[in-house]
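# A closer look at the structure
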Amino acid sequence: MYEEKYMREAIELSKKCLVSGTGGPFGAVIVKDGKVVGRGSNRVTLDNDCTAHAEVTAIREACRNLHTFQLTGCDIYTSCEPCPMCLGAIYWARLETVYFAADRSDASAAGFDDSFIYNEIDLNWSERKVSALQKMRTEAVGVLQQWKNCTYRIDY
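In short, a report on the structure. (Residues numbered from 1 in each chain as written. Predicted model: local features only at pLDDT ≥ 70, side-chain atom pairs only at ≥ 80, totals over all residues. Heavy atoms only, no water.)

Turning next to the layout of surface pockets. When its volume is computed, the largest pocket comes out at roughly 440 Å³. Contributing to the lining of the largest pocket are 23 residues, with Phe-26, His-53, Cys-83, Phe-112 and Asp-114 lying nearest its centre. For the lining of the largest pocket, the elements supplying multiple residues, two or more each, are α3 (54–66), α4 (84–93), α5 (104–109) and α6 (115–121). Forming the walls of the second largest pocket are 13 residues, and the residues nearest its centre are Arg-39, Gly-40, Ser-41, Arg-43 and Thr-57. Of all the secondary structure elements, the ones that give two or more residues to the lining of the second largest pocket are β2 (35–41), α2 (44–47) and α3. The biggest single contributor to the lining of the second largest pocket is α3, with 4 residues. Split into classes, the residues belonging to the lining of the second largest pocket amount to 2 nonpolar, 5 polar and 6 charged. (1 Å grid on protein atoms, 1.4 Å probe; cavity = no way out; pocket = protein on both sides within 12 Å on 5 of 7 lines; lining within 4 Å. Points joined across faces, edges and corners; volume = space filled by probe spheres on them. Helix = DSSP H or I, 4+ residues; strand = E, 2+ residues; numbered from the N terminus. Nonpolar A, V, L, I, M, F, W, Y, C, P; charged D, E, K, R; others polar.)

In structure tokens form, the structure reads like this:
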């Protein structure tokens, strides 16, 4: 259920990031059962980590706080529509609902244009701008088959 206070907090995190100069102007808050369990702001330049987007840092914190790798039953409030990487992380984390403020066109107008990634996703891997060459498939498939038969694995 959408609550404005959580969106305001996500936007405030984006403002703090902007003012402090610690990363891009993005913030995210993860909520479970009416309680904030994770907060994140963009830390890409601060941490020299291109994956340290607000949503990903919030997911990491929520997982640590809840001692789990899945955030079923949680919602995420983010100051901007998640990029393709963050959207993937949101799906992997099993978040229930994404609430966002600015959208991808607003982000693009501010210099954060992810349209090239959306376009690349639709292409076959052999047609993408970043070269992708499949090698040693048989060996890798063997490891996957061992995983499938592993009795101590934890499914996720």
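Now that the structure is up, let's keep going.
Our focus in this paragraph is the packing of aromatic side chains. For the structure shown, the criterion picks out 6 aromatic pairs. Ring centres of Tyr-77 and Tyr-99 lie 4.7 Å apart, and the angle between their planes is 25°; this geometry places the pair in the stacked category. Residue Tyr-77 is found in strand β3 (residues 74–80), and its partner Tyr-99 is found in strand β4 (residues 97–102); the two are separated by 22 residues along the sequence. Clustering of aromatic rings is evident, with ring pairs tying together Tyr-2, Tyr-6, Tyr-77 and Tyr-99. Sitting above the plane of the Tyr-118 ring, Arg-104 keeps its charged end 4.0 Å from the centroid. (Phe/Tyr/Trp six-rings, centres within 6.5 Å; stacked < 30°, edge-to-face > 60°. Lys NZ or Arg CZ within 6 Å of the ring centre and 35° of its normal.)

Bringing the sheet that holds β4 into the picture now. Taking strand neighbours across the sheet as the criterion, the 4 strands line up as β2-β1-β3-β4 in an open arrangement whose pairing is mixed. Every interior strand has two partners, whereas the edge strands, β2 and β4, have only one. Between one strand axis and the next, the sheet turns by 15° as a mean value, whatever way the strands run. Taken together, the 5 bridges between β3 and β4 define a ladder with parallel strand orientation. From the neighbouring strand, Tyr-77 faces β4, where its bridge partner is Tyr-99. Strand contacts of helix α1 (residues 4–20): β1 (27–32), β2, β3 and β4, with the helix running at about 150° to β1, the strand carrying the most contacts. (Pairing = 2+ DSSP bridges. Axes fitted to C-alpha atoms, helices over the stretch in contact; angles between N-to-C directions. Contact = heavy atoms within 4.5 Å.)

Read these as layout, nothing more, since geometry by itself doesn't imply function.
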